[in-house]
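Here are the chains, one letter per residue:
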Amino acid sequence: MSDHSSPSSDSAEDKNLLSRRKLLYTGAAGAAALYTAGASKAFGAAAPTEEVAAAAGTVTLGSYETGPGIKALAAVTKKFTANTGIAVKTNTVDHNTFQEQINSYLQGHPDDVFTWFAGYRMQFFAAKGLATPIDDVWKALTPQMPPAVKAASTGLDGHQYLVPNKNYPWAVYYRKSLWKANGYTAPKTWAQFIALAKKMQADGLTPIAFTDKDGWPAMGTFDILNMRINGYQYHVNLMAGKQSWDSPQVKAVFQKWTELLPYYSQGALGLTWQDGATQLENKQAGMFLLGGFVTSNFKPANQPDVDFFPYPMINPKWGQDSIDAPIDGYMLSKSPKNLSGAKALVGYFGTAQAINLYLPLNPGNLAVNKRANTSHYTPLQKKEAALIARTKHIAQYMDRDTRPDFASTVMIPSLQQFLNNPGDINGLVKSIQKQKVAIFGS
Amino acid sequence: MATDIATKASTRADGARRRKRAVRLSTWDRVAIAVMVGIPVFLTGALIWFPTVSSVLLSFTNWDGIGGLHTIHWIGTTNYRQIVTIYPSFWPAFEHNFYWLFALAFVGTPMGMLLAYELDKNIRGTRLYQSAFYIPVVIAPAIIGLITELVLSPQQGLISSLFADPRHGHVIDWLGNPAINIWAVLVFACWRHASYVMILYLAGLKALDPTLREAAAIDGASEAQAYFKVVLPALKPINIVLVVITVIEALRAFDIVYIINHGRNGLELLSVLITDNIIGEASRIGYGSAIAVVLLVISIVPIVVFVWNSFQQADA
């Protein structure tokens, strides 16, 4: 249910609304129409609070929430208005449209506060001067947030630009009953992982569900292999364009990846992640590396039958010390009309009270605030939260950790190219490197 | 002839006054003409020529679309050089656009012409056939993309469900296998294009003077002879329109592949590469513009042929 973001396609809710999302691709006209529809809806919603607005001012909020997220956010803003007397005018835009228009949105007449993602994706716009630093807001939040979360909310200039409220981990998910029936146990090392896959194959299963029609899910495998083999810092540097892509380290990642290919779903490049989740739910596939939203389409009866293990260790030097756990949050546009109100609102979004209101209404996400109430978590969510808490390094996912143009126009086609033709790693990494130089300029 | 004579007569009778009136325009006439000519000229300039010229200029720059005009850097032909040398998606896209063109030209268009020809014979149930064949044109191209996906999807698609057991049997990966997915998609593109061509061609056939065919039949021409020697040449204006439409459809193809997998992994098209680079967070405005210019140059060829042809006809 979380907002895994990517340039191509997004959150679980979006994926659920397959047809609606797809219709949006019919063009800019559709997008514009939706934008207007969203805006007018927001005007309607804001009407009853206008008297309050006159007294204490109004903060405008641009939101990409979909499905239950809309209600969850509305509950938070309502409480904020009750607390402070500051009215919030929420302008909800389709999730994909919001992302695709972010450039023109932030340069035009953006709302005071807008929903966005942590990591490089935030830093990119902060460095362009399209966001307002909120270090003062973070003074109060710092003791409540894990350091990794603060780091992911900090711009390249050392100032904070984002207040996070939720995240979810990427791990290898499986169905408990299937594993119990076949006597599988969670692998800790690469050798155990491969042995397990072999065993599953012998048992007539697709060992590892793998789907990459949408282009972004393969990034998860690259990220985790790179972090397991070369370590978190190498991964961060590579994503930031500071490392060469035709290095032996990157080649080693692709080399390791080829060991997994025999165990993947057939026709992976024609399958969406929902197809993979269906394979997992139907017990056709043994395990699936995906974000916590993997179960969002599962039947309620099957939900408690899901468990996960963190990606196995490859290089003992790093163990299992890093994972992808994308963080979502809120930012201030470059010159909010109501600066003090906007700061109060983003500050409130990060508080335990706001998160406690939000999460039960939009389940499938985890709170980033350490003081937030976790009693409504399912056992799976508790385990996910524990995984994030004990993991030393949290990455944000490739399409949030690197330049958006590099992620979408270079890495998506390149990873698909690898999956089609795993034999030519040298040619592939050379091609990536050339394009990387063209984009990063070095 | 009769009108000609009548006009001449009345002109002579009314004399100079009438001729003068025909030349002098009232203020309102001038305003009306200015509005009728001015608005389209303005719109064409603002919506077509300005973006076109801007794209050409931007294609020689490096710009991420953020910040004012001073953030645009001139980089000469670097974008073009990179596109043809290091952009792995470019040549496949280029190729696929030509596959698209050939498929439409040699399958879609002839298919549509054949359907129109058969329907023109007023066979029984012709209205039913006509509506059935015409449906793909009414449906938005994005929906065609969705239908394509629903039919071809390896796991839930119609074909896999009918002909293979995806649990055990081997699945033909119509959408994900880059060696075959373009051909699978082209079937659907042709399906839509054929119906478009059919409706245009049917209109042309209906407007054709039936005596031409009767005369051909009386002269002992076979059906094929009558078609190729009489009907086809007589429909030359429509045929030119069909050629132009086929080329345009092939070059602007976008929706189906974008719906299926964002035009990647074997389904690259120039239009998709432009979108990928310009729209969204990527914002490689200069790079995307350079691809757009390539597409523009390719498009200009059929446009020039068409315009040249039209002028020739007008002169004749």
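The residue numbering used here restarts from 1 in each chain and proceeds along that chain's sequence as written. All chains are assigned letters beginning with A, and all ligands numbers beginning with 1, in the order in which they are written. At least 70 in pLDDT is required for a residue's local features to be given in this predicted model, at least 80 for side-chain atom pairs to be given and counted, and no such filter applies to totals for whole chains, interfaces and linings, which use all residues.

What to know about the overall build of chain A
Helix and strand counts for chain A come out as 22 helices and twelve strands. Think of it as a crowd count around each C-beta: if 20 or more other C-beta atoms lie within 10 Å the residue is buried, if 12 or fewer it is exposed, and in between it is partly exposed, with C-beta placed from the backbone throughout. Sorting the 442 residues of chain A into buried and exposed places 56% on the buried side. We call two residues in contact when the distance between their C-beta atoms, placed using the backbone, is within 7 Å. Put simply, 80% of the contacts in chain A that link residues at least 6 apart link residues at least 24 apart. Helix and strand definitions follow DSSP, with helices as H or I runs of at least four residues and strands as E runs of at least two, each counted in order from the N terminus.

With respect to the overall build of chain B
When you go through chain B residue by residue, the secondary structure sums to 15 helices and two strands. A compact globule built from 316 residues should have a C-alpha radius of gyration of about 20 Å, whereas chain B, at 26 Å, is more than 25% larger. Counting only C-alpha atoms and orienting by the principal axes, one finds that chain B spans roughly 85 × 65 × 30 Å. Out of the 316 residues belonging to chain B, those deemed buried represent 35%. Considering only residue pairs separated by 6 or more positions, chain B has 66% of its internal contacts joining residues 24 or more positions apart. For the radius of gyration, the atom set is restricted to C-alpha positions; the globular benchmark scales as 2.2 Å times the number of residues to the power 0.38.

Quick notes on the environment of K71 of chain A
Summarising the element assignment, K71 of chain A is placed in helix α5 (residues 68-84). The spatial distance from the C-alpha of K71 of chain A to the C-alpha of P316 of chain A is 45 Å, given a sequence separation of 245 residues.

A closer look at the sheet that holds strand β4 (residues 162-167) of chain A
Residues and elements named next belong to chain A. Here, strands pair whenever DSSP counts at least two bridges between them. Taken in spatial order, the six strands make up an open sheet running β2-β1-β3-β10-β4-β11, and their pairing is mixed. Looking along the sheet, the strands with just one partner apiece sit at the ends: β2 (87-92) and β11 (366-367). Examined bridge by bridge, strand β3 (residues 113-117) and strand β10 (residues 327-332) share five bridges and lie antiparallel to one another. The residue of β10 that forms the bridge with F117 is D328.

Some thoughts on helix α3 (residues 27-58) of chain B
The axis of α3 of chain B is deflected most strongly, by about 35 degrees, at G45 of chain B. Summarising burial for α3 of chain B: two of the 32 residues are buried, a small minority. Fitting axes to the seven residues ending at a residue and to the seven starting there, one defines the bend at that residue as the angle between these axes.

Description of unusual backbone geometry
In this structure, Y397 of chain A is a non-glycine residue whose phi angle is positive, near 100 degrees. Position of Y397 of chain A relative to the elements: it lies in the loop between β12 (393-395) and α20 (398-401). One non-glycine residue, H262 of chain B, lies in positive phi territory at about 60 degrees. Structurally, the position occupied by H262 of chain B is in the loop between α13 (255-261) and α14 (270-278).

So, the pairing of strand β1 (residues 58-63) of chain A
Residue and element names in this part refer to chain A. β1 sits mainly inside the fold: six of its six residues count as buried. Neither face of β1 is exposed, since T58, T60 and G62 on one face and V59, L61 and S63 on the opposite face are all buried. Across six bridges, β1 lies against β2 in parallel orientation. Across the sheet, residue L61 finds its bridge partner in β2, namely T90. Call a crossover right-handed when, viewed with both strands pointing away from you, the route from the first strand across the helix to the second goes clockwise. Considered for its hand, the β-α-β crossover made up of β1, α5 and β2 is right-handed. Pairing between β1 and β3: two bridges, direction parallel. Across the sheet, G62 pairs through a bridge with F114, a residue of β3.

Digging into the domain arrangement of chain A
Residue and element names in this part refer to chain A. Segmentation into domains, and thus their bounds, comes from an automatic or database assignment. The domains assigned to chain A are domain 1 (12-168 + 327-395) and domain 2 (170-324 + 403-440). Between domain 1 and domain 2, the contact holds 16 residues from the first and 21 residues from the second. In the scheme used here, Gly and all other residues not listed as nonpolar or charged are polar, with Ala, Val, Leu, Ile, Met, Phe, Trp, Tyr, Cys and Pro taken as nonpolar and Asp, Glu, Lys and Arg as charged. A class-by-class count of the residues in the side of domain 1 that touches domain 2 yields eight nonpolar, four polar and four charged.

Structural notes on the sheet that holds strand β7 (residues 285-291) of chain A
Residues and elements named next belong to chain A. Taken in spatial order, the four strands of this open sheet run β6-β7-β5-β8, and their pairing is mixed. Pairing within the sheet leaves two strands with one partner each, and these edge strands are β6 (206-209) and β8 (306-309). In this sheet, neighbouring strand axes are inclined to one another by 25 degrees on average, regardless of whether the strands run parallel or antiparallel. Both β6 and β7 contribute to a ladder of three bridges, which runs parallel. Across the sheet, residue I208 finds its bridge partner in β7, namely M287. Angles here are taken between N-to-C directions and fall from 0 to 180 degrees, while the axes themselves are lines fitted to C-alpha atoms, restricted in helices to the stretch in contact. Contacting β5 (170-175) and β7, helix α13 (residues 217-230) crosses the sheet at an angle of about 85 degrees to β7.

Looking at the interface of chain A and chain B
In this complex, chain A contributes 37 residues to the contact, which on the side of chain B involves 33 residues. Listed by contribution, the elements that provide at least two residues to the side of chain A that touches chain B are α2 (18-24), α6 (95-100), α7 (102-107), α21 (404-420) and α22 (425-440) of chain A. Of the residues forming the side of chain A that touches chain B, the biggest block, nine residues, is contributed by α21 of chain A. Grouping the constituent residues of the side of chain A that touches chain B by class yields twelve nonpolar, 18 polar and seven charged.

Comments concerning the packing of helix α5 (residues 90-119) of chain B against helix α12 (residues 236-252) of chain B
In a pair of packed helices, the angle between the axes and the distance between the axes together describe the arrangement. Residues and elements named next belong to chain B. Running from amino to carboxyl end, α5 crosses α12 at an angle of 145 degrees, the nearest separation of the two axes being 8 Å. Relative to α12, the crossing made by α5 is right-handed. Between α5 and α12, the contacting residues are N97, W100, L101, L104, A105 and T109 on the first element and L242, T246, V247, E249, A250 and L251 on the second. Here the residues of the contact of α5 with α12 are counted per class, giving eight nonpolar, three polar and one charged. Crossing handedness: left-handed means the near helix sits turned counterclockwise from the far one by under a right angle, and right-handed means the same turn made clockwise.

Some remarks on the nonpolar core
All names here are of chain A. For the purposes of this analysis, a nonpolar core is taken to be any set of buried Ala, Val, Leu, Ile, Met, Phe, Trp, Tyr and Cys residues that are connected through C-beta atoms within 7 Å. Within the largest apolar cluster, 123 residues are counted, with the highest numbers of intra-cluster contacts made by Y173, F288, L345 and V346. Looking at which element gives the most residues to this core, the answer is α21, with eight residues. A domain split of this core shows at least three residues from each of domain 1 (12-168 + 327-395) and domain 2 (170-324 + 403-440). For F288, the residues in contact, after removing those within four places along its chain, are V172, Y173, A209, G276, A277, L280 and V294.

Points about the domain arrangement of chain B
In terms of domain boundaries, chain B breaks down into domain 1 (2-58) and domain 2 (88-315). Every contact between the two is made by four residues of domain 1 of chain B and, on the other side, six residues of domain 2 of chain B.

Points about α12 of chain B
Residues and elements named next belong to chain B. Helices are assigned an expected span. That span is 1.5 Å times one less than the residue count. Here α12 is 17 residues long and its end C-alpha atoms lie 24 Å apart, about the 24 Å a rise of 1.5 Å per residue gives. For α12, the complete set of buried residues consists of I238, L242, T246, V247, E249, A250 and L251. Against α5, α9 (181-207) and α15 (285-315) lie the buried residues of α12.

A look at the confidence of the model for chain B
All names here are of chain B. Overall, the predicted model of chain B reaches an average pLDDT of 85, with 90% of residues at or above 70. Known as pLDDT, the predictor's confidence for each residue is given on a scale from 0 to 100. For residues 1-13, every residue scores under 50 in pLDDT, and the model assigns this stretch one contact once sequence neighbours within four places are set aside. At the level of chain-chain contacts, confidence expressed as ipTM amounts to 0.78, with global pTM at 0.81.

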